[in-house]
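# Topology and contacts: notes
Spelled out from the first residue to the last, the chains are:
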Amino acid sequence: MAGSEQAQQILKELAGYSKMGEIKKLAKTIKKDHSLALELWATALYFPRLLAVLIFDKKQLSEESINTIATDLASHPEDERNMLSDWLLANQLTKDKALTTLLLNWQQSSVPLLRRWFWYHQARLRWTGKTLPIDNSAQLLDYLDAHLADEEAQVQWAMNFCAGWIGIFEAAHRQRCIELGERVALYKDEKVSKNCTPSYLPEFIRIEVGKRGD
């Protein structure tokens, strides 16, 4: 159990939670508390770590500490790891210039999760309508052409996702993204639930472009 009285009290409170919204509400009352966040992270428990991600002080997150977080996340099931990663990106790594600079250097990191975060960030820039810091879509597609087929599965998903959003929002690259999907055939045979968008690039791009009337 976490050491401080405050951390122990929060752990008791979190034990009664069942919804993400409750964690976000608690984080708003705590605001920023890096020491407490480290105690909660050290528990290795899912909800305490979600709260920790929200209350970290981004100015105290170093490259070394982020590498440790990435290593720690390997112990979580895939759905938990993905949610923790999404919250970390949205609330910490993309909110600080120094951390974003680190993020942009992870394309060829030796740590698979850091590579995944690089590609997910590139996708997120596009689907959230952010101004791209550099026009790097052609270079990203060159890399995807060469490496998508052979990447680790968790990184492949983010790379494929990024290619999809490039194709959706950048008509000049759309056909290239579709052809990439046809050639690699990633997720082509994936079973998709009703009303869910497939990950297979040609279909993903066609459906999302159709939604936008492009």
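Use the structure listed above.
Numbers given for residues are sequential positions, taken from 1 along each chain in its written order. The predicted origin of the model limits local features to residues at a pLDDT of at least 70 and limits the giving and counting of side-chain atom pairs to 80 or more, whereas totals for whole chains, interfaces and linings rest on all residues. Only hydrogens and water are set aside; all other atoms, that is, all heavy atoms of the structure, feed into the side-chain values.

## Considerations on the side chain of Ser 109
Stated formally: What counts as a helix is a DSSP run of H or I of at least four residues, what counts as a strand is a run of E of at least two, and both are numbered from the N terminus. Two N or O atoms form a polar contact when they lie within 3.5 Å of each other; inside protein one atom must be a possible hydrogen donor and the other a possible acceptor, and for residues adjacent in sequence the pair counts only when both atoms belong to side chains.
When you line up the elements, Ser 109 lands in the loop between helix 7 (97–103) and helix 8 (112–127). For Ser 109, the side chain forms a polar contact with the main-chain nitrogen of Val 111, separated by 3.0 Å.

## Thoughts on the state of the cysteines
Our working definition: Any pair of cysteine sulfurs within 2.5 Å is marked as a disulfide.
Following the criterion strictly, the structure yields 0 disulfides and no others. Cysteine Cys 177 is unpaired, with the sulfur of Cys 162 as its nearest cysteine sulfur at 8.4 Å.

## Describing the pattern of salt bridges
Under the convention used in this document: The salt bridge definition used is simple: a Lys or Arg side-chain nitrogen within 4 Å of an Asp or Glu carboxyl oxygen. Here the term buried applies to any residue with accessible area under 20% of the maximum for its type, exposed to any over 50%, and partly exposed to those in between, with areas from a 1.4 Å probe on protein chains only.
A full pass over the atoms with the stated rule returns 12 salt bridges. Taking the shortest distance from any N to any O, the salt bridge between Asp 96 and Lys 59 comes out at 2.7 Å. On the criterion of sequence distance, the pair formed by Asp 96 in the loop between helix 6 (78–93) and helix 7 and Lys 59 in the loop between helix 4 (46–55) and helix 5 (63–73) is long-range, its members being 37 residues apart. You can call Asp 96 buried: its relative accessible area is 7%. The residue Arg 115 makes a salt bridge to Glu 151 at a minimum N-O spacing of 2.7 Å. Note that Arg 115 is positioned in helix 8 and Glu 151 in the loop between helix 9 (137–147) and helix 10 (153–169), a separation of 36 residues in sequence. Three or more residues joined by partner-sharing salt bridges are found here, namely Asp 142, Asp 145, Arg 176 and Arg 183.

## Description of the packing of aromatic side chains
Threshold: Pairing of aromatic side chains requires ring centres within 6.5 Å, counting the rings of Phe and Tyr and the six-membered ring of Trp. Pairs whose planes differ by under 30 degrees are stacked, by over 60 edge-to-face, and all others tilted.
Here the structure, examined in full by the defined rule, presents 15 aromatic pairs. Pairing Trp 106 with Trp 117 gives two aromatic rings, centres 6.0 Å apart and planes at 50°, and the pair type is tilted. Residue Trp 106 is located in the loop between helix 7 and helix 8, and its partner Trp 117 is located in helix 8; the two are separated by 11 residues in the primary sequence. Trp 117 carries the same exposure label as Trp 106, and that label is buried. Seen from their ring centres, Phe 118 and Trp 119 are 5.1 Å apart, and the 90° between their planes marks the pair as edge-to-face. Given a relative accessible area of 3%, Phe 118 falls into the buried group. Since its relative accessible area comes to 1%, Trp 119 is described here as buried. A connected cluster of aromatic rings, assembled from ring pairs, spans Tyr 120, Trp 127, Trp 157, Phe 161, Trp 165, Phe 169 and Phe 204.

## Thoughts on unusual backbone geometry
Here Ala 44, not a glycine, exhibits a phi torsion of approximately 70°, which is positive. Here Ala 44 shows up in the loop between helix 3 (34–42) and helix 4. With a phi close to 65°, Tyr 187 is a non-glycine residue in the positive phi region. Position of Tyr 187 among the secondary structure elements: in the loop between helix 11 (171–184) and helix 12 (201–212). Residue classification places Tyr 187 among the partly exposed residues on the basis of a relative accessible area of 21%.

## So, the environment of Cys 177
Looking at where Cys 177 falls in the secondary structure, it is placed in helix 11. For Cys 177, a relative accessible area of 0% gives the class buried.

## Some words on the packing of helix 2 (residues 20–30) against helix 4
Formally: Helix axes are fitted to C-alpha atoms over the stretch in contact, other axes to C-alpha atoms as well, and angles between N-to-C directions run from 0 to 180 degrees. The labels follow the angle: roughly parallel below 35 degrees, roughly antiparallel above 145, roughly perpendicular from 65 to 115, and oblique for the rest. Here a crossing is called left-handed whenever its near helix is offset anticlockwise from the far helix by less than a right angle, and right-handed whenever the offset is clockwise. In this description, contact between two residues means that some pair of their heavy atoms is separated by no more than 4.5 Å. Under the convention adopted here, Pro, Cys and the residues Ala, Val, Leu, Ile, Met, Phe, Trp and Tyr are nonpolar, Asp, Glu, Lys and Arg are charged, and Gly plus all remaining residues are polar.
For the pair helix 2 and helix 4, the least separation of the axes is 9 Å and the interaxial angle reads 45°. Here helix 2 lies oblique to helix 4, going by the angle between them. Here helix 2 runs over helix 4; the crossing is right-handed. Facing Met 20, Ile 23, Lys 24, Leu 26, Ala 27 and Ile 30 of helix 2, the residues of helix 4 in contact are Tyr 46, Phe 47, Leu 50, Leu 51, Leu 54 and Ile 55. Taken together, the residues that form the contact of helix 2 with helix 4 break down as 11 nonpolar, no polar and 1 charged.

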